[in-house]
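The chain contents come next:
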Amino acid sequence: MPRSAPRDRQRTFRARLGEFRRRRVLVPHGDNGAALTVEMHGARWLLAFTDEPALARYARARGETDRNWRYRTVWGAAVLDAGVPAVAGTTGLPCGVLVDAGDGERGLVLPPVTGIVPDAVAVDRPPTETELRTGEGRP
């Protein structure tokens, strides 16, 4: 693998992350108004879709095309900066975002790490002074 390949992938990822933050996305929600999430690998994942066809593909992949998929249209930045901390705070689990889940390589995984989600809920942030003093962990 050429040495530039990892840098190219990182550059591509950062560009896609920036595009996500600057665009309006569809966030499906349940009857209670809470954003739909899935739990995988010890984390919660908010679902966000770039358009209705992407949401329809997800519904089809789940065999739930007859379901009424209600959603809100919000800025991607709001999903990361407000939605992720809200879910993490409610569930006590790390939270990331799955963009266009079910779309294979067209989809995007935004893990709960620094530089993507707010530092306060990132799993790889350094511990705070209080956490060091008390030995308490992070969500």
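Each remark here, short or long, concerns the structure printed above.
Residues numbered from 1 in each chain as written. Predicted model: local features only at pLDDT ≥ 70, side-chain atom pairs only at ≥ 80, totals over all residues. Heavy atoms only, no water.

Visitor: Can you break down helix H3 (residues 76–91) residue by residue, with the values?
Guide: Its 16 residues give H3 an end-to-end C-alpha distance of 21 Å, which sits within 8% of 22 Å, the value for a rise of 1.5 Å per residue. Of all the bends in H3, the largest measures some 35° and sits at glycine 83, one to four residues before the proline proline 85. Within H3 the residues assigned to the buried category are Gly76, Ala77, Val79, Leu80, Val84, Val87 and Ala88. Following H3 by one or two positions, glycine 92 has its phi on the positive side, about 75°. (Helix = DSSP H or I, 4+ residues; strand = E, 2+ residues; numbered from the N terminus. Expected span 1.5 Å × (residues − 1). Bend = angle between axes of the 7 residues up to and from the residue. Buried < 20%, exposed > 50% of the residue type's maximum accessible area, 1.4 Å probe, protein only.)

Visitor: How would you explain unusual backbone geometry if you had to name every residue and give the values?
Guide: Unlike most non-glycine residues, histidine 41 shows phi in positive territory, near 55°. Mapping histidine 41 onto the fold places it in the loop between strand E2 (37–40) and strand E3 (43–48). A positive phi angle, near 55°, is found at aspartate 100, a position not held by glycine. Relative to the helices and strands, aspartate 100 resides in the loop between strand E5 (95–99) and strand E6 (108–110). A residue is classified by how much of its surface remains accessible, and aspartate 100, at 7% relative accessible area, is buried.

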